[in-house]
Amino acid sequence: MSAPATLARLRERRSFIELGARERASAVLDAGTFRELVGPFDRVHSPWLAMQGVVPQEDDGAVVARGRVAGRAAVVAAIESAFQGGSLGEVAGAKISCALELALRDCERGSPVCAVLLLETGGVRLQEANLGLAAVAEVHAALVALRRHVPVVGVVAGMVGCFGGMSLAAALCSHLVVTRQARLGMNGPEVIEQEAGVAELDASDRPLVWSLIGGEQRLALGMVDALVPDEVDAVAGAVRDALGRGVPAVHRTEDVARWRARLARVDPSTPIAPEALVAAWAPAGERT
């Protein structure tokens, strides 16, 4: 490609990470099909945040929309990382789980509706305690019920990543797409440092953090299905491709024997470098 063509390509490129939740949801749907459900003008916000001096957001940081992906009926749920770190509370969780349950109802009636989860979240919203935990559990249950009928595609792009109970939602997806900038793990590096100390994990050591839980490492370990560049077209294309692959014969979370065999290769009492973990966890020839 010539220098002028390369420059033109760079100018045309749009970052998916830089988009807000509503823009992300619209970007993965076919042009002109985005229709938001329970949007900000419905004024459905958390009743618990104001009690703690937190200004609520009228959509509670969760955008849910119906539309089409490659002509197929789809529901998209996107979490807004700019509001409360993308944390999930009672209202946001209910919006997502109800959208998945309605898609399940359509599937059972013979009108398949696939699902896409755009996960940019630190997990449960601590201010909402057990209500938030229950909301996350409802998302998990709805996701497992729906994925028996249609593929559910998860996307983790950045900048927050996907942690806590919502990392389990990511794992439950039929197919999972990440960017190199993504981070995926049960506990975020800041939480690990706070609880176990900097000697356990220095959260400011970016190369170390991404070598452990970054998108490229998660792909190498077989925990995700596709690694794409931070471009709107690339992410949208990966979502279309994932939906086109349909429902897996065996979901990742159901392949218990495979994961147990992998765990048996690792000695938790011995420090292990990220590169060595890849070699031990997924040796050449094993399906990932």
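Structure shown above.
K.L.:
Just checking my understanding: could you explain unusual backbone geometry for this structure?
P.N.:
Residues other than glycine predominantly adopt negative phi, and peptide bonds predominantly adopt the trans conformation. A cis amide bond, omega 15°, links Gly158 with the succeeding residue Met159. With respect to the helices and strands, Met159 occurs in the loop between strand E5 (152–156) and helix H5 (165–172). Within the chain, Arg43 stands out as a residue other than glycine whose phi angle is a positive 55°. Mapped onto the fold, Arg43 is located in the loop between strand E1 (35–37) and strand E2 (62–69).

K.L.:
Explain the environment of Leu88 here, please?
P.N.:
Structurally, the position occupied by Leu88 is in the loop between strand E3 (72–79) and helix H3 (90–108). Taking C-alpha positions, Leu88 is 9.7 Å from Leu131, a pair spaced 43 residues apart along the chain. Those residues within four positions of Leu88 in sequence are excluded, and the remaining contacts are Ile79, Gly93, Ile96, Gly123, Val124, Arg125, Gly132, Val136, Val139 and Met166.

K.L.:
In this structure, what is going on with the pattern of salt bridges? I would like to understand it.
P.N.:
Pairs can form between side chains of opposite charge whenever their charged atoms are close. Counting across every chain of the model gives 11 salt bridges. As a salt-bridge pair, Asp60 and Arg125 come within 2.9 Å of each other at their nearest N and O atoms. Of this pair, Asp60 sits in the loop between E1 and E2 while Arg125 sits in the loop between strand E4 (114–118) and helix H4 (129–147), and the two are 65 residues apart along the sequence. Each member of the salt-bridge network shares a partner with another, and the members are Arg22, Glu36 and Asp59.

K.L.:
Teacher, can you tell me more about the side chain of Gln217 here?
P.N.:
Along the chain, Gln217 falls in helix H8 (residues 215–220). Here Gln217 falls in the buried class, since its relative accessible area comes to 10%. Among all residues touching Gln217, those that are not within four sequence positions of it are Trp210, Ser211, Leu212, Pro274 and Val278.

Thresholds, definitions, all that
- Residues numbered from 1 in each chain as written.
- Predicted model: local features only at pLDDT ≥ 70, side-chain atom pairs only at ≥ 80, totals over all residues.
- Heavy atoms only, no water.
- Helix = DSSP H or I, 4+ residues; strand = E, 2+ residues; numbered from the N terminus.
- Contact = heavy atoms within 4.5 Å.
- Salt bridge = Lys/Arg side-chain N within 4 Å of Asp/Glu carboxyl O.
- Buried < 20%, exposed > 50% of the residue type's maximum accessible area, 1.4 Å probe, protein only.

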